[in-house]
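Residue-level structural notes
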Amino acid sequence: MTIYFDNAATTKVFPEVMSVMEDAMNVSYGNPSAKHRKGMEAENLIKEAQETIAKSLKAKPKEIFFTSGGTESNNTAIIGTALANKRKGKHIITSRIEHASVYEPIAFLEDLGFEITYLNVDSKGQILLEELETAIRPDTILVSLMFVNNEIGAVQPIKEAGEIIKKKNKDTVFHVDAIQAYGKLPIVPKNLKIDLLSMSGHKIHGPKGVGFLYVREGTKIQPLIYGGGQQKGMRSGTENVPGIAGLGCACRQMIGDHFENAEKIRTVKEYFQERIKEIEDIRDNSGEAPHIASISFRGIRSEVLLHALEDKEIYVSSGSACSSNKKQAVSGTLNAIGLPDDYKDGTLRFSFSAENTKEEVDETIEALKELVPMLRRFVRR
C-alpha cells in the first residue's frame, strides 16, 4: 500500500477536477478572447471559476486574477506593488521564514535599492506583533507575510497584523501568501485587512500550473506580464482555461459547505501527533495548521530516514532542506525557531490530505518504530 504524506508539496487531483478539465479541453476549447460561441463557452468557464473563488473569500469576482501558480502570484504581488508605489517609499517588511517565492523577489528588490526589514519569529514560528508595529514607517509600502508556514505549519496572527499595519500606516499594502492556508482555514481578506492574497491550485487537489492573486479593488499594483491585455491588463496572455476551470472545481470541492475536508485532515494530523510520541528522542515542531506536522528525529539525517520510508512506499519530505534544487542547507525556518542543532538535520515534514486515514498513520508509526532505532545505531559517534 502506498502512503502519501507529502500533500504540502502537492496533492492528488480530485476526479471531479479531471472531469471538468477534460470537458474544457474537449468541448469548451475556444480561445476566451474570441467573439464566437466557442470563445464565449471558454470565457464562461473563467467567469464561473472567478465567482466560485470570490464567493469563498467573500470578495468580488473582479478582484480575482488567474496566474500560473503561487510563485507567479507572489512575484506579481511583491514586485508589482514595489514598482507601482516606489515614489511613496522603498521600505518593505517580511519575516525570516517566508517561502523562496517571497524571499527571492524581495532579495531582487533589495538589489534595486529597496530597504528590507526581516521580522523575527518565536519558538512556534510566529512573528512578534510588537516588532511588526515598531518596524512600520511612513515610507513602508509593503508588508508580505505567509499565512501558514510550509515547513512547520505555523499559523501567523494575520488578523492582528492587518489591524496593526492599517492603524500605523493605512497606505501600506498588506500581502499574504495563503498558498498553504487557502482551503484549510477560513479566509475573508476584507475582515483581515488583506490587500493582496496568493494561492496555488495544486495544494488543494487542483491542477499544477495555475493559481490566483486576489487584488483588493483600489490597490495600486503594476502588471509584470504585458501583451494582449487579458484579465483587464493585469496579466496578459491567453488564459489557461482547463487549469482555471479545474482550479474553480477544486476550490468548491475542497472547501465544501463548512470546511469538512479541513476538519477531517486535522483529525488525522492530531492522531499522528499523538502516536509519534511513541518514538523516543523526537521533537514535534508542528504549528496549528490542520495539515502539516514537522517532526525532528535526534541522531538521524532526514534524507536517510526519508529514503528508508520511501522503500516502504511511505512518502514524506525533508524539513531541513531549503530547496531540493540547491545545495543542502539547514532550513532558515528551523534556525529561526531555535531548534537545537542535534535535531535540525533529522527533520521530516508529514503533510496530510482528506484522503489520508488513521490506518495509514498506524502503518507509518510501525515503520518508524522499526527504522529509527536501526538507523540510529549506524550514526557515527
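Residues numbered from 1 in each chain as written. Predicted model: local features only at pLDDT ≥ 70, side-chain atom pairs only at ≥ 80, totals over all residues. Heavy atoms only, no water.

In plain terms, the rule: UniProt positions are given in the numbering used here, feature names are shortened, and annotations may be inferred rather than shown by experiment.
You'll find the chain entered in an unreviewed UniProt entry as Cysteine desulfurase, with Candidatus Anaerostipes excrementavium given as the organism. Per UniProt, the comment on the chain under Sequence similarities (unreviewed entry) is "Belongs to the class-V pyridoxal-phosphate-dependent aminotransferase family. NifS/IscS subfamily." In its Cofactor (unreviewed entry) section, the UniProt entry covering the chain states "pyridoxal 5'-phosphate".

1. Things to note about a positive patch on the surface
As a reminder of what qualifies: Each patch is built from salt-bridge-free residues with over 30% relative accessible area, joining like charges within 9 Å and nonpolar side chains (Val, Leu, Ile, Met, Phe, Trp, Tyr) within 5 Å. We get accessible surface area from the Shrake-Rupley algorithm with a probe of 1.4 Å; when it comes to residues, only the shown protein chains can shield them. By salt bridge we mean one thing: a side-chain nitrogen of Lys or Arg within 4 Å of a carboxyl oxygen of Asp or Glu. Counting rule for charge: Lys and Arg are taken as positive, Asp and Glu as negative, and neither His nor the chain ends is counted. To locate a charge, the coordinates of NZ of Lys, CZ of Arg, CG of Asp or CD of Glu are taken. In this description a helix means any DSSP run of H or I spanning at least four residues, a strand means any run of E spanning at least two, and both kinds are numbered starting from the N terminus.
Judged by side-chain charge, K86, R87, K88, K90 and K220 come together as a positively charged surface patch. On the secondary structure map, K220 appears in the loop between β8 (211-215) and α8 (241-255).

2. A short note on the sheet that holds strand β6 (residues 173-177)
Which entries qualify depends on this criterion: One requirement defines pairing of two strands: DSSP has to find at least two bridges between them. Note on method: axes are straight lines fitted to C-alpha atoms, helices fitted across the in-contact stretch only, with angles between N-to-C directions ranging 0 to 180 degrees. By the convention used here, residues are in contact when the closest approach between their heavy atoms is within 4.5 Å.
Pairing within the open sheet is mixed, and its 7 strands lie in the order β2-β8-β7-β6-β5-β3-β4. The open sheet has two edge strands with one neighbour each: β2 (64-67) and β4 (115-119). When the angles between neighbouring strand axes are averaged without regard to direction, this sheet yields 20°. In this sheet, β8 lies alongside β2 in antiparallel orientation, the contact comprising 4 bridges. Along β8, the bridge assignment pairs F66 with F212. Here helix α4 (residues 100-111) sits on the sheet and contacts β3 (91-95), β4, β5 (140-146) and β6; the angle it forms with β4, its principal contact strand, is near 145°. On top of the sheet, helix α6 (residues 158-168) reaches β5 and β6; it is set at about 165° to β6, its chief contact.

3. Focus on unusual backbone geometry
Note the cut-off: Residue burial is assigned from relative accessible area. The probe radius is 1.4 Å, only protein chains are included, and a residue is buried under 20% of its type maximum, exposed over 50%, and partly exposed in between.
In this structure, K232 is a non-glycine residue whose phi angle is positive, near 60°. Looking at the element boundaries, K232 is found in the loop between β8 and α8. According to the relative accessible area criterion, K232 is exposed, its value standing at 65%. Even without being a glycine, D281 presents a positive backbone phi close to 55°. Position of D281 relative to the elements: it lies in the loop between α9 (260-276) and β9 (282-284).

4. Let's talk about the sheet that holds strand β13 (residues 347-351)
Read across the open sheet, the 4 strands follow the order β9-β10-β13-β12; overall the sheet is antiparallel. At either end of the open sheet lies a strand with only one pairing partner, and these are β9 and β12 (317-318). In this sheet, β13 lies alongside strand β10 (residues 292-297) in antiparallel orientation, the contact comprising 5 bridges. When the bridges of β13 are listed, I295 appears paired with L348. Along the sheet, α9 makes contact with β9, β10 and β13, crossing β10 at roughly 15°.

5. Examining helix α2 (residues 37-57)
Inclusion rule: In a helix, the anticipated span is given by 1.5 Å times the number of residues less one.
An ideal rise of 1.5 Å per residue puts 30 Å on 21 residues; α2 measures up with 30 Å between its terminal C-alpha atoms. Along α2, the residues classified as buried are G39, A42, L45, I46, A49, Q50, T52, I53, A54 and L57. Structurally, α2 contributes buried residues whose contacts are with α1 (15-26), β2, α7 (189-192), β8 and α8. At the exit of α2 stands K58, carrying a positive phi of roughly 55°.

6. Brief notes about the packing of aromatic side chains
What counts, and what does not: Stacked, tilted and edge-to-face are the three classes assigned to paired rings of Phe, Tyr and Trp, where Trp is represented by its six-membered ring and a pair needs centres within 6.5 Å; plane angles under 30 degrees give stacked, over 60 edge-to-face, the rest tilted. Placement of a charge over a ring requires the Lys NZ or Arg CZ to be within 6 Å of the ring centre, with the centre-to-atom vector within 35 degrees of the ring normal.
Per the counting criterion, the structure on display carries 5 aromatic pairs. Between F5 and F352, the aromatic rings sit 4.9 Å apart at their centres with planes inclined by 65°, giving edge-to-face as the arrangement. Of this pair, F5 sits in the loop between β1 (3-4) and α1 while F352 sits in the loop between β13 and α13 (358-377), and the two are 347 residues apart along the sequence. Between Y182 and F212, the ring centres sit 5.5 Å apart and the planes meet at 85°, which makes this aromatic pair edge-to-face. Of the two residues, Y182 is situated in the loop between β6 and α7 and F212 in strand β8; the sequence distance between them amounts to 30 residues. Grouping residues by exposure puts Y182 and F212 together as buried. Grouping aromatic residues by their ring pairs yields a cluster made of F5, F272, F350 and F352. Taking the ring centre of F114 as reference, the NZ or CZ of K90 above it sits at 5.3 Å.

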